[in-house]
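Working through the structure, step by step
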Amino acid sequence: MTTLVVGGHSRNIGKTSVAAGLIGAFPELGWTALEITQYGHGICSINGRECGCAVEEHAHAVTEERDAAARSDTARFLAAGARRSFWVRTKQGQLESALPEVLPLVGSAGYVMIESNSILRFLDPDLYIVVLGYGVSDFKPSALEFLGRADAAVAVGDPRRRPAWAERVERVLGNVPSFRAAPPEYVPQGLVDFVASRLRLCGRGSARTR
């Protein structure tokens, strides 16, 4: 298998658009796509609603999206050309509980696209792309934790805008290739060419569980 992970530092910065755009750039690869969502305290993994379930209850849920016309991120993956698309929901910090279901999905596919930061605790992908939204000040700890493992960055918006995290993040990334994205275009040709070159290098079987 060849595994690509797309992560980012906050919500609504274009992670799904980047992942879907890359699937659409290489539809012939027959992607299996996963979106991983971790809910905070009091929100149930089964339905994403408030719930009084105990910590050990409803720890995770995995559902397959089958309708490419649905209004969901996983439907966008299908519409872009993914062969299969799954939504993985877990309670905050309990992604490990879902691995017995997630890893067989990953292991049985030729090419896998995962939208998540936290999966990097358990998987060494062939390629990790971090999305940076220069108009968003929030920066999740999980994104900072894995920033040093990024193979490429996508800078969304105007990098001349300098949120508080910008200098530190750019210092950590160093010489990592960075590609400018101007919405509604989230996947510039330079990023497509970079991923294509890495896919040729990756081949199959290089992603490993940690």
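Residues numbered from 1 in each chain as written. Predicted model: local features only at pLDDT ≥ 70, side-chain atom pairs only at ≥ 80, totals over all residues. Heavy atoms only, no water.

Description of the environment of P177
- By secondary structure assignment, the location of P177 is in the loop between α5 (166–173) and β9 (178–181).
- Among the residues examined, P177 registers a relative accessible area of 32% and is labelled partly exposed.
- The sequence separation of P177 and F194 amounts to 17 residues, and the corresponding C-alpha distance is 8.8 Å. (Helix = DSSP H or I, 4+ residues; strand = E, 2+ residues; numbered from the N terminus. Buried < 20%, exposed > 50% of the residue type's maximum accessible area, 1.4 Å probe, protein only.)

Some remarks on the packing of aromatic side chains
- Enumeration according to the criterion identifies four aromatic pairs in this entry.
- With a centroid separation of 5.1 Å and 50° between ring planes, the pair formed by Y134 and W165 is classed as tilted. Of the two residues, Y134 sits in the loop between β7 (127–133) and α4 (141–146) while W165 sits in the loop between β8 (152–156) and α5, which places them 31 residues apart along the sequence. Across the pair, W165 and Y134 agree in class, each one buried.
- Relative to W165, the ring of F139 has its centre 5.2 Å away and its plane inclined at 55°; by these criteria the two rings are tilted. Of this pair, F139 sits in the loop between β7 and α4 while W165 sits in the loop between β8 and α5, placing them 26 residues apart in sequence. A single burial state applies to F139 and to W165, both of which are buried.
- An aromatic cluster is built from Y134, F139 and W165, whose rings are joined through pairwise contacts. (Phe/Tyr/Trp six-rings, centres within 6.5 Å; stacked < 30°, edge-to-face > 60°.)

A short note on the nonpolar core
- Counting 33 residues, the largest nonpolar core has L34, I114, I119, V130, L132 and L173 as the members making the most contacts within it.
- Residue assignment for this core shows that the elements contributing at least two residues are β2 (32–39), β4 (84–91), α3 (99–107), β5 (111–115), β7, α4, β8 and α5.
- Here this core gets four residues from one element, more than from any other, and that element is α3.
- With near-sequence residues (within four places) excluded, L132 lies in contact with H9, F139, A153, V154, A155, V156, W165, V169 and L173. (Core = buried A, V, L, I, M, F, W, Y, C linked by side-chain atoms within 4.5 Å. Contact = heavy atoms within 4.5 Å.)

Examining the pattern of salt bridges
- One pass over the full model with this rule turns up seven salt bridges.
- The salt bridge partner of D151 is R198, with a shortest N-O separation of 3.7 Å. Note that D151 is positioned in the loop between α4 and β8 and R198 in helix α6 (residues 189–202), a separation of 47 residues in sequence.
- Of the residues examined, D151 reaches a relative accessible area of 23% and is grouped as partly exposed.
- With relative accessibility at 22%, the residue R198 sits in the partly exposed group.
- In this structure, R162 and E170 form a salt bridge, with 2.8 Å as the shortest nitrogen-oxygen distance.
- Look at R162 and you get partly exposed, because its relative accessible area is 48%.
- Given a relative accessible area of 29%, E170 falls into the partly exposed group.
- Several salt bridges share partner residues, and in doing so they unite E64, R66 and R84 into one network. (Salt bridge = Lys/Arg side-chain N within 4 Å of Asp/Glu carboxyl O.)

Concerning the packing of helix α1 (residues 15–25) against helix α2 (residues 73–80)
- Where α1 meets α2, the axes come as close as 8 Å, and the angle between the chain directions of the two elements is 20°. Taken together, the axes of α1 and α2 are roughly parallel relative to one another. Regarding α1 and α2, the two cross each other, and that crossing is right-handed. Residues T16, S17, A19, A20, I23 and G24 of α1 form the contact with α2, whose own contacting residues are D73, R76, F77 and A80. (Axes fitted to C-alpha atoms, helices over the stretch in contact; angles between N-to-C directions. Parallel < 35°, antiparallel > 145°, perpendicular 65-115°, else oblique. Left-handed = near helix turned anticlockwise from the far one by under 90°.)

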